[in-house]
Amino acid sequence: MGAIIAKDQETSSLEDLAAQALDIARRQGASAAEVNAGFGRGLSVTVRKGEVETVEHHRDKSLSVTVFFGDRSGSASTSDFRTQALSEAVMAACVIARHTAADPYNGLADPAHLAREIPDLDLHHPWELAMEEAIDRARRCEEAAFAADARIRNSEGASVTTHDGTDVYATSHGFLGTVRASRHGLSCAVLGEDGQGGMQRDYDYASVRDARDLPDVEEIGRRAALRTARRLGARQIKTCQVPVLFEAQVARSLVSHLLSAISGPSLYRRSSFLVDSVDTALFPAWAHLYEEPHRKKAMGSAPFDSEGVETRTRDLIKDGVLRRYCLDSYSARKLGLVTTGNAGGVHNLMVAPGTEDLAGLLRQMGRGLFVTELIGFGINHVTGDYSRGAAGFWVEGGELAYPVEEITIASNLRDMYKGLVAVGRDVDYRHNVCSGSWLIERMTVAGA
Amino acid sequence: MTTETLHSRNLERARESLLAPAGIGVSELDQIMGRMLGHQVDYADLYFQYSRQESWSLEEGQVKSGSRHIEQGVGVRAIAGEKTGFAYSDEIVLPALLDAATAARAIARGGQEQTAALAARNGSTLSLYEPADPLLSLEDAAKVALLERVEQEARRLDPRVKQVMASLGGSQETIFVMRSDGVMAADVRPLVRLNVTVIVEQNGRRETGSSGGGGRTDYGYFLTEDRALSYAREAVRQALVNLEASPAPAGTMQVILGPGWPGILLHEAIGHGLEGDFNRKGTSAFAGRLGEKIAAESCTVVDDGTVPGRRGSLNVDDEGTPTQNTVLIERGVLRGYILDRMNARLMGMAPTGNGRRESYAHLPMPRMTNTYMLAGETPPEEILASVKKGLYAVNFGGGQVDITSGKFVFSASEAYLIENGRIGRPVRGATIIGNGPDVLKRVAMVGNDLALDTGVGTCGKDGQSVPVGVGQPTLRIDGMTVGGTEE
């Protein structure tokens, strides 16, 4: 650690390619250009009912380039890295730039905002996973699921995956940043039968940067089985208005809708239900959402955003009030604001946990709906109207009474955010958005 | 052009653009296959692909961005029993292909490397579209001008139109499939689409409307029959309707679905559940129910990859099987599954030309093409008149299904209350949820107005996206759960 390590061949060849592409752009007369070049490889193994089902070897590369001729721009990409193909891609971008309209907000990020130092976020832990070992792990994972409950009779399989990639971002104004990152996963999805002809499926999974941080394979299998078995015998409930508790892994989606509504393009197009809402109270006063891009080993960590702009810990919602939008350079210029380092999205959006665990939140809710799965795309980002298919459990006396399915839950996102009663401390760290479960005061449940 | 002429031209073209530059001929293909078949492999295939695509997008009255993408590569697959080994390469050169073959065959027990002694022969294909090149079918300046006209039309229609976003996309994909049974097939697939979204504003309230279309043709499609401008008009019309919409009802009620795109009902409720992989594994709510009555007698549903020029159509699927018109439900009885080669073989059935993949870097799976219900005999006005109180939904966003429990959703983006047999006030979008295995049993009336969608559908499964089509006549369904907010 801390030693100077010679650049591996992959990184230097990607950096060379990026430099070549920038050079071609300059020779074509572009006033500015940016290049993303990436290389990745991986292995994915699935075992189903004890037998190997698929073994997939992944090996991907691509280079994309955006060129600027003054205020005009064009983009192109290629998966072919030979010099000829690279030239063709850059030229294609240049041809497009001849036809696009001049846009004074176009251009690279302001040099003043670029990341000067690139911290090591401990994201790169390649896993030399032999096929046989992957098969063995997946097999043990699925076996544990079958052993956990007699009603588990079928399976979609257990998978072990590993991926290792290098991404380079380079610009004509001198930025060069390289990120190497790995991602390893373990997942298991099984089916249960209720004895009346009804079937349910559920799953569990883990996603980490370092394979040593993976949970026991048997643990994932057992959890997948328990999640499936508890859904057996699900039924519809009557239409009603009740409190709704979103389990952490689905609560995350409510944060994603917020992020989409406060993203630059939604705002300057005025296609968001949250236009002009900075400095207004969207949540109860205790709510705190912040971005923490430099968390070690985290799934959403990034030393710089996709324009090379420095990332840092920043509040998004503080004391319930929206403090800022999520902007890249282009949308910031259009809105007369400054980039927030969110080109390409947020990096580890954390919802500050409350004091209760899941059982505590269920007790707090008392009677209502506990949602563990959402399906469909019933979100209108312009109005905030929310209506999605759901499955979960009816809760009585603070405990799961019986499983529920074939219902929808509906409200408006503004009302849901205002009506947030509590956030759990059962934080799900498997993604870029990390939150505990959310208890919402009231929603309309449509059923029988 | 006759079908044979088209296929031999496509084969020629695929060889020229994909194989010849890498010096790959029949003997090299034989060598690659031999590397896999020596191991105890039942089946293997190579999938060569070269695709070029572009997109242009307009916002705030100007086309400010455009992009072009080139992708090429080979996917190598070996199957032994139910095991699949898969590797791919984005370099089409012999050593990379041999490496991929070595990686793919590792799922099977070893044996002697051999020559495959392929009896290479041309497979058959359909001729549903010409090998057009959308990217070259219009000057770049004319593509920009087309989007500008769409924008101007939308703004001209109503001063409440505050924002217009329009995009134009086109691609051409050349594929070549070599199977271990010696069959070779090629296809050159054009695809275009144009989408318009508008935002309207009135007294501080904002609403949105979207429309679009496309198919396996070139950009000339949008210039004929006033299509491009009609999308603009339709998007504006929908958005203005939504400005007047009040909260949707919540609960179980009679629902009438309009013709065309609402056929997404069939895609979600029936189609996915009938894909062969889920049925072979017994994970679908429809597994083991062939021959059972799962729908009203008035319902006949097909998956038809052979409709000329449609977005979901293919001359040949990604495993070299010609597409066909497959009856899934015939007069209410479950008759067939959607099958690729592997699942067909394992289920002892014939493949249906539904083996599709997003690209060379993805494994083929059984996927839908154009899924629709045949027309009935009732005029749509009569269907409306038969409902005292219910919901009339005519436009939809996306949908999703849990194939194991059979529960599916699709979200209305334009809907009205029905009051005493007439269309009443518009209501806000709402998600509708139902149970696939019994929703079609609740079909009470089938209209005589079958329509296919305009050509904008994309289906996602296991992270792979493919273009699809849907369609249906007007349907009355007695009892679906509507997810509004008004009790």
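Because the structure is a prediction, the values reported are computed rather than measured. (Residues numbered from 1 in each chain as written. Chains lettered and ligands numbered in written order. Predicted model: local features only at pLDDT ≥ 70, side-chain atom pairs only at ≥ 80, totals over all residues.)

*Asks:* Account for the overall build of chain A, naming residues and giving values.
*Replies:* When its secondary structure is counted, chain A shows nine helices and 17 strands. Since a compact globule built from 448 residues should have a radius of gyration of about 22 Å, the 24 Å found for chain A is in line with a globular shape. Dimensions of chain A along its principal axes, counting C-alpha atoms only, are 70 × 55 × 40 Å. By sequence separation, contacts in chain A at least 24 residues apart represent 72% of the contacts at least 6 residues apart. (Helix = DSSP H or I, 4+ residues; strand = E, 2+ residues; numbered from the N terminus. Rg over C-alpha atoms; globule rule 2.2 N^0.38 Å. Contact = placed C-beta atoms within 7 Å.)

*Asks:* Mind laying out the domain arrangement of chain B, listing which residues take part and the relevant values?
*Replies:* All names here are of chain B. Here chain B is described as being made up of domain 1 (3–243) and domain 2 (250–483). A separation of 23 Å is found between the C-alpha centroids of domain 1 and domain 2. In this complex, domain 1 contributes 38 residues to the contact, which on the side of domain 2 involves 28 residues. Within the residue set of the side of domain 1 that touches domain 2, elements represented by two or more residues are β1 (43–59), β2 (62–80), β3 (83–89), β5 (161–179), β6 (183–202), β7 (205–215) and α6 (227–243). Per-class residue counts for the side of domain 1 that touches domain 2 are 14 nonpolar, 16 polar and eight charged. (Domains from an automatic or database assignment. Nonpolar A, V, L, I, M, F, W, Y, C, P; charged D, E, K, R; others polar.)

*Asks:* I'd like a rundown of the interface of chain A and chain B, residues and numbers included.
*Replies:* Opposite the 59 residues of chain A that make contact, chain B presents 65 residues. Of all the elements in the fold, those that place two or more residues in the side of chain A that touches chain B are β2 (51–69), β3 (72–78), α2 (83–99), β4 (152–171), β6 (199–208), β13 (385–396), β14 (399–412) and β17 (438–446) of chain A. Of the residues contributing to the side of chain A that touches chain B, the split by class is 18 nonpolar, 25 polar and 16 charged. Here four bridges tie β2(A) to β3(B), and the two strands are oriented parallel to one another. What sits directly across from A:H57, in β3(B), is B:A87. (Pairing = 2+ DSSP bridges.)

*Asks:* Explain the sheet that holds strand β10 (residues 321–322) of chain A to me, and be specific about the residues and the numbers.
*Replies:* What the five strands build is an open sheet, ordered β10-β9-β8-β11-β16 (chain A); its pairing is mixed. At either end of the open sheet lies a strand with only one pairing partner, and these are β10 and β16 (433–434) of chain A.

*Asks:* Account for the domain arrangement of chain A, naming residues and giving values.
*Replies:* Quoted interface sizes are often the accessible area lost when the parts come together. Residues and elements named next belong to chain A. When its domains are assigned, chain A resolves into domain 1 (9–229) and domain 2 (240–446). For domain 1 versus domain 2, the distance between C-alpha centres works out to 24 Å. At the junction of the two partners, domain 1 supplies 22 residues and domain 2 supplies 19 residues. Residue assignment for the side of domain 1 that touches domain 2 shows that the elements contributing at least two residues are β4, β5 (176–193) and β6. Counted by class, the side of domain 1 that touches domain 2 contains 13 nonpolar, five polar and four charged residues.

*Asks:* A description of the pairing of strand β16 (residues 407–419) of chain B should follow, citing residues and the corresponding values.
*Replies:* All names here are of chain B. Of all 13 residues in β16, 11 are buried; the element is thus mostly enclosed. As judged from the 10 bridges shared by strand β15 (residues 389–401) and β16, these two strands associate in the antiparallel manner. Considered in β16, the bridge of G399 is made with F410. Counted between consecutive antiparallel strands, the loop separating β15 from β16 contains five residues, among which G406 sits at a positive phi close to 85°. One ladder, built from five bridges, connects β16 with strand β18 (residues 431–435); its direction is antiparallel. The partner of K407 across the bridge, within β18, is N435. As paired elements, β16 and strand β17 (residues 422–427) share four bridges and run antiparallel to each other. Looking at the pairing, I418 lines up with I423 of β17. (Buried ≥ 20, exposed ≤ 12 C-beta atoms within 10 Å, placed from the backbone.)

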